[in-house]
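Single-letter residue listing:
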Amino acid sequence: MSRPGRVLSGAGRGSRVFHPVTRSSRPPARPATTRDPLPAPSPTVSPSSTARPGSLLLRGVRVPSSEFPDGGPLVDVLVTAGLIREIAPTGSLDRRLLAAPEPVDVIEGRGRLLLPGLIDAHVHGEAAVFDPDVQLAMLRQGITTIVVGQDGIGFAPTPPDGDAFGFSTEYFRAINGAHPTFAGGTVKKLKATYAGLPLNVEVLAPHGTIRYAVTGADARPATDDEVAAMVALLERALDDGAVGMSTGLEYVPAAYADEAELVALARVCAARGVPHVSHMRGYEEKAGRAFAELVRIARASGVATHVSHYHGPAEELAGYVDDARASGLDVTFDSYPYLRGSSILSMVTLPTWLPIAEPDRTVALLRDPAVRERLRTEHFPGLADLWARVTMANVPGELRWTEGLALLDVAERLGLDAEDTALELLVSTRLQAGCVFAQPPTNSAGSVRALANHEAQLAGSDAIYAGGRPHPRGWGAFARFASEHVGAGDWSWADATWHLSTRAARRFGLAGRGEVRVGAVADLALVDPATVRDLATYEDPRTPAQGVDDVVVGGGTCWRVGRWSTDDPRDHRRNRRRHDGAPRSAAGAGRRRPTHQGAAPARRDGGRRADDRHRDGRRRPFGLPILTLQTGSLDHNVAVMATSVREAGEAAGAPGSVEHAPHVKTHMSAQIFARQLAAGAWGATVATPNQLRVVRDWGTRRVLLANELTDPDEIIWVRDDLERDEGAKLWLYVDSVEGLTMLSRGLAGASDDVRGRLGVLVEIGVPGGRTGVRSTADALGLARAVRSSGLTLRGVAGYEGSVAGESTPETRERVADYLRGLRDVAEQLVAEDLVTGGDVVVSAGGSAFVDVVLQVLPGPFPRAGRPRGTRRASSCARARTWSTTTATTRTWTRSPGCPARSRCAPRRRCGARSSRSRSPVWCSWASDGATSRTTSTCRARCGCVPAGTTAGRSARRSSSPARRSPTSTTSTSSCAWTSTRRASARRPCTCTPAT
């Protein structure tokens with residue numbers, strides 16, 4: 001999270017420093033728009049709380065206006081003390097700024113569009129806004145202000161003498177989240193928690209929360225005294241800075257309010273000049289009646305009315321708005337550019353006669369067979385077309401694996417019908433389940449577009465940030481509006497400014513915001529019209545948008561080209577880097593420029609030079625101390641380890657059977673790991689899920705997680721990661737049935753392919769150790785449980801360092817005994833045929849006793865009912881069994897028709913082993929890469945021929961010439977493919993697919 005007045009800025013755009021001057025006598029540039037200009041900032045209007053003293057110049061930008069709808073001539077915009085002080089032709093301020101005594105930070109616009117900071121008129125970000133990732137999602141779209149407290153439920157006002165705060169938090173936890181510090185109180189106190197964030201947060205007074213504070217969850221109209229108490233709470237909230245009142249008339253307890261109550265509260269808003277913002281009492285087929293209710297309230301109270309997330313058939317809905325506006329009412333609405341909505345599952349599926357505002361009571365009722373029967377007979381028949389349109393977005397608890405699945409798919413996996421599945425999700429989450437749902441066909445793409453083009457429309461994302469698969473609108477709604485509507489010709493960029501910023505600033509009385517003009521608050525966004533677009537999808541909803549690379553909030557720059565600022569704007573005056581508006585190249589940051597000769601930077605430390613600065617005030621490239629590595633030494637160490645591993649396998653008569661998976665937690669360096677990988681490392685070993693995420697970001701496709709994975713969220717992430725990358729493999733430890741159960745639950749929705757690429761190793765510990773089973777019996781029992789769970793058992797693992805500390809002959813022998821125990825358990829797993837997915841794996845070597853590991857563990861392992869093989873999977877991908885025959889000839893030939901994945905060569909190991917000699921089997925000649933014409937496919941790295949033919953007969957049909965060499969060939973009528981290889985003792989092997 002950025003500190004107040006920080007810059008969201010990108011690498012590659014350095015800083016050029018000028019010195020600001022007083023406001024020029026030059027007439028200011030033409031305002032960005034001439035439509036009903038915003039009132040000039042009143043004496044009480046001030047920049048955002050994020051603003052810092054100092055000046056900023058946005059150089060070479062284009063400002064859309066009524067005269068220049070898509071951006072006019074290049075101008076420079078000077079910002080001082082959080083306000084726009086001057087707009088002048090580009091370059092005209094340079095001479096004065098260079099001569100001024102105070103430095104100025106500069107952002108090079110390079111012809112990009114300068115828009116007022118965008119305003120999200122409807123968003124559920126009251127808790128999520130503290131998350132830097134959510135801040136990033138907003139700022140990457142150019143959003144600088146959000147309006148929270150929507151749908152009648154919010155954190156304040158919540159008097160301390162009741163449970164309104166607890167009610168609001170629990171009821172809307174799946175929508176609004178939980179505030180990290182606020183525990184109830186006034187709107188003023190709530191707004192204070194947002195001070196210092198890199199965005200402006202405006203708050204609506206939520207009617208449902210106010211009503212609950214007075215009447216509780218009672219399903220009845222309020223008395224006159226109760227209405228008077230609500231009025232008093234609302235007046236206090238507006239005095240504390242609320243920008244309006246929100247109602248959620250489909251949510252409880254607001255659903256129990258009558259018009260008299262709503263009119264009384266609306267009159268308070270009308271007297272203060274703030275709007276009534278309403279989630280209507282119904283949409284789609286209920287929209288006409290619901291809108292008519294708002295019209296009656298507006299006529300009776302004189303309040304300005306704003307409809308939340310207006311959606312449905314555009315011709316009908318636009319007609320309601322046009323008629324109301326034509327009659328003199330002030331009506332606006334917000335919408336988002338998607339055909340799916342999102343809410344809590346309880347609101348979508350349960351009737352209002354259930355006490356939904358009280359989760360514990362409702363859950364108890366949902367367990368009652370009589371209540372379930374009533375739902376089935378009275379309520380659920382009306383939802384018959386709903387179930388196929390619902391996808392789970394947020395499911396806390398043991399059913400989190402359902403996130404991202406359609407409700408009908410969840411029902412199939414649980415073996416329930418749709419109704420019981422919905423009830424199961426609601427009960428298991430205490431009504432906290434959230435969902436995404438497709439709107440009915442009446443809400444077409446044409447309707448969404450037509451409503452967005454309406455003169456009363458302003459943008460609201462309706463974003464909900466909770467859950468593993470939320471709606472993507474929080475990450476892309478504003479970028480989608482800009483790219484689709486401007487790109488389609490519906491809007492000019494001046495129109496986009498009105499829909500995305502200016503109209504919302506007026507609706508909520510945000511004086512000084514929503515325009516680029518002299519005197520306005522410097523909430524600004526630099527937009528590249530050629531690249532702006534949303535990237536978030538329903539499958540990957542948390543991807544930030546692109547095309548907005550520089551954002552200014554209250555005069556303090558917050559975001560520049562892809563990175564948060566870590567410096568105060570005053571520090572940027574010292575840094576003297578140029579913020580270059582050109583797209584960032586892969587090479588990284590732009591060139592640092594020398595200090596301007598006229599600069600005499602003041603020191604924050606009162607004259608003492610900080611250790612990380614040069615004498616002239618510029619930052620050093622690194623802080624001290626730093627660690628340096630010698631490339632030669634590093635390469636030497638990597639090579640020694642690779643050689644030791646290779647030689648250990650060869651010494652045991654099993655070349656290639658020992659693999660190196662370096663534990664990257666030691667260095668966590670992608671560059672060092674790349675050297676290890678190039679030297680032959682199998683993949684990476686990590687200790688924690690966070691480290692796993694890091695190495696996956698490096699592009700590592702084979703990872704060993706040397707720990708048990710029990711966090712449901714992390715298991716879900718692993719499942720989704722393996723589904724996204726079909727070439728990724730992950731092996732991890734289990735050491736308890738409980739841990740295995742949690743892993744199995746988290747993978748309940750995983751495909752067979754994902755389960756096959758997620759291998760499980762039973763961890764074997766020592767008495768008194770931290771982890772691992774303690775006996776062979778426990779290990780075998782857990783292995784059987786893994787096999788019966790449907791997961792892929794790959795072998796065993798252990799940490800020999802827990803056996804002994806200092807290396808002495810006695811401790812080394814204890815370590816060797818422990819490793820022999822690992823090997824014995826592995827052989828018993830093989831004997832019981834418990835290992836699936838390939839040959840048995842034994843993992844160890846994470847200590848100073850790696851030399852003992854390399855002496856004890858290497859060597860072939862027997863397989864149940866099969867000749868012995870190494871730990872590596874056989875080279876023929878279809879092979880599951882191996883057989884041997886006696887050599888019948890010594891004529892070798894290159895085998896035809898083998899679509900090998902990599903070229904073979906003489907003396908190249910195939911991975912098979914002879915059953916008696918345990919010697920490796922070698923390819924005879926390289927494959928010619930020809931594609932097999934048979935119906936089956938051999939994927940071996942060595943030459944294979946169809947069963948029942950000898951290599952010699954195959955050679956005569958091959959396009960490649962036969963080679964004569966001392967060889968062995970085999971043929972058999974029992975297998976699908978026969979592999980022709982050199983074998984010791986003249987015993988070639990035959991590869992047979994599984995039956």
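Remember, predicted model here, so these are calculated numbers, not experimental data.

Caption draft 1: Spatial organisation of the overall build of the chain. Along its length, the chain carries 29 helices and 38 strands. In the chain, which comprises 995 residues, the share counted as buried stands at 56%. Restricting to contacts in the chain with at least 6 residues of sequence separation, those with at least 24 account for 75%. In the form shown here, the chain has an accessible surface area of approximately 40200 Å², with 50% of it arising from carbon and sulfur atoms.

Caption draft 2: Just the nonpolar core, in detail. One finds V129, L234, M280, F291, Y310, W493 and L500 to be the most contacted residues of the largest nonpolar core, which totals 95 residues. Not counting residues within four places of it along the chain, the set of residues in contact with W493 comprises P64, P69, D70, L113, L115, A482, V486, V527, P529 and V532. In this structure, V686, V762, L829 and V842 belong to the second largest nonpolar core, which totals 57 residues.

Caption draft 3: Region of the structure containing the sheet that holds strand β17 (residues 434-438). Reading across the sheet, the three strands line up as β15-β17-β16 and stay open at both edges, with antiparallel pairing between neighbours. Each edge of the sheet is formed by a strand with only one pairing partner; in this case those strands are β15 (340-344) and β16 (390-394). Here the strands of the sheet are splayed against their neighbours by 30° on average, with no regard to which way each runs.

Caption draft 4: Region of interest: the sheet that holds strand β1 (residues 55-61). Strand order in this open sheet of four strands is β3-β2-β1-β4, and the pairing throughout is mixed. If you trace the sheet from one side to the other, it starts and ends with β3 (83-89) and β4 (104-108), each paired once. The mean angle between the axes of side-by-side strands here comes to 20°, regardless of whether they run parallel or antiparallel. Inspection of the sheet shows strand β2 (residues 75-80) paired to β3 by six bridges, in the antiparallel sense. Bridge pairing in β3 places L78 opposite E86.

Caption draft 5: Inspection of the packing of aromatic side chains at higher detail. Summed over the entire model, instances satisfying the criterion amount to 16 aromatic pairs. A ring pair is formed by F291 and Y310, whose centres lie 6.0 Å apart and whose planes are at 35°; its orientation type is tilted. Of this pair, F291 sits in helix α9 (residues 287-301) while Y310 is found in the loop between β13 (305-307) and α10 (314-326), placing the two residues 19 residues apart along the sequence. Relative accessible area serves as the criterion here: at 2%, Y310 is assigned to the buried category. Ring centres 5.1 Å apart and planes at 50° place the aromatic pair Y310 and F333 in the tilted group. Here Y310, found in the loop between β13 and α10, pairs with F333, found in strand β14 (residues 331-335); they are 23 residues apart in sequence, far enough to count as distant. The residue whose ring lies beneath R340 is Y538, and the NZ or CZ to ring-centre distance is 3.9 Å. Here the basic side chain of R473 rests over the ring of Y336, its NZ or CZ set 4.6 Å away from the ring centre.

Caption draft 6: Broad picture of helix α13 (residues 369-379). Those residues of α13 that fall on the buried side of the exposure criterion are V371, L375 and H379. For α13, the arc enclosing every buried residue in end-on projection is 45°, short of the 170-degree limit, so these residues lie on one face. The exposed set on the far side of α13, more than 90 degrees from its buried face, consists of P369 and A370. In this structure, the buried side of α13 is in contact with α11 (345-349), α12 (359-366) and α15 (418-429). You can read the cap of α13 off the contacts: a side-chain oxygen lies 2.9 Å from the backbone nitrogen of A370, and it is on D368.

Caption draft 7: Just the packing of helix α3 (residues 164-171) against helix α6 (residues 207-215), in detail. Close contact between α3 and α6 brings their axes to 9 Å; oriented N to C, the two are set at 135°. Looking at the two axes, α3 sits oblique to α6. The two elements α3 and α6 cross, and the hand of that crossing is right-handed. Two secondary-structure elements touch here, α3 through A164, F167 and S168 and α6 through G208, T209, Y212 and A213.

Caption draft 8: Structural context of unusual backbone geometry. Cis geometry is found at the peptide bond from A156 to P157, where omega equals 5°. Mapped onto the elements, P157 comes out in the loop between β8 (143-148) and α3. Of the consecutive residues V252 and P253, the connecting peptide bond is found in the cis state with omega at 0°. Despite not being glycine, R110 has its phi angle at roughly 50°, a positive value. With respect to the secondary-structure elements, R110 resides in the loop between β4 and β5 (113-116). Here L431, not a glycine, exhibits a phi torsion of approximately 70°, which is positive. On the accessibility criterion, L431 (3% relative accessible area) is buried.

Caption draft 9: Representation of the confidence of the model for the chain. Within the chain, residue pLDDT values average 78, and 74% of them lie at 70 or more. Here residues 1-53 is a poorly scored stretch, pLDDT under 50, and it has 211 contacts once near neighbours within four places are set aside; other chains count. The model gives residues 864-995 a pLDDT under 50, and that stretch makes 283 contacts with residues more than four places away or in other chains.

Caption draft 10: Local environment of the pairing of β3. Counting buried positions along β3 gives five out of seven residues, so the element sits mostly inside the fold. In this antiparallel pair of consecutive strands, β2 and β3, the connection spans two residues, and A81 shows a positive phi of 55°.

Caption draft 11: Looking closely at the side chain of R473. Secondary-structure assignment places R473 in helix α17 (residues 473-487). Accessibility expressed as a relative area gives 0% for R473, which makes it buried. In contact with R473, not counting residues within four places along its chain, are Y336, Y338, R340, G341, S342, S461, D462, A463 and I464.

Caption draft 12: Region of the structure containing the pairing of strand β26 (residues 729-734). Among the six residues of β26, five are classified as buried, and the element is accordingly described as predominantly covered. Judged from the five bridges that link them, strand β25 (residues 702-708) and β26 form a sheet pairing that is parallel. From the neighbouring strand, V703 faces β26, where its bridge partner is L730. Chirality of the crossover, the property in question, places the unit of β25, helix α23 (residues 712-724) and β26 among those that are right-handed.

Quick notes on the rules
- Residues numbered from 1 in each chain as written.
- Predicted model: local features only at pLDDT ≥ 70, side-chain atom pairs only at ≥ 80, totals over all residues.
- Heavy atoms only, no water.
- Helix = DSSP H or I, 4+ residues; strand = E, 2+ residues; numbered from the N terminus.
- Buried < 20%, exposed > 50% of the residue type's maximum accessible area, 1.4 Å probe, protein only.
- Contact = heavy atoms within 4.5 Å.
- Areas by Shrake-Rupley, 256 points an atom, 1.4 Å probe, with all protein chains shown as cover.
- Core = buried A, V, L, I, M, F, W, Y, C linked by side-chain atoms within 4.5 Å.
- Pairing = 2+ DSSP bridges.
- Axes fitted to C-alpha atoms, helices over the stretch in contact; angles between N-to-C directions.
- Phe/Tyr/Trp six-rings, centres within 6.5 Å; stacked < 30°, edge-to-face > 60°.
- Lys NZ or Arg CZ within 6 Å of the ring centre and 35° of its normal.
- Arc of directions from axis to C-beta.
- Polar contact = N/O pair within 3.5 Å; in protein donor to acceptor, adjacent residues only side chain to side chain.
- Parallel < 35°, antiparallel > 145°, perpendicular 65-115°, else oblique.
- Left-handed = near helix turned anticlockwise from the far one by under 90°.
- pLDDT = per-residue confidence, 0-100.
- Right-handed = clockwise from strand over helix to strand, strands pointing away.

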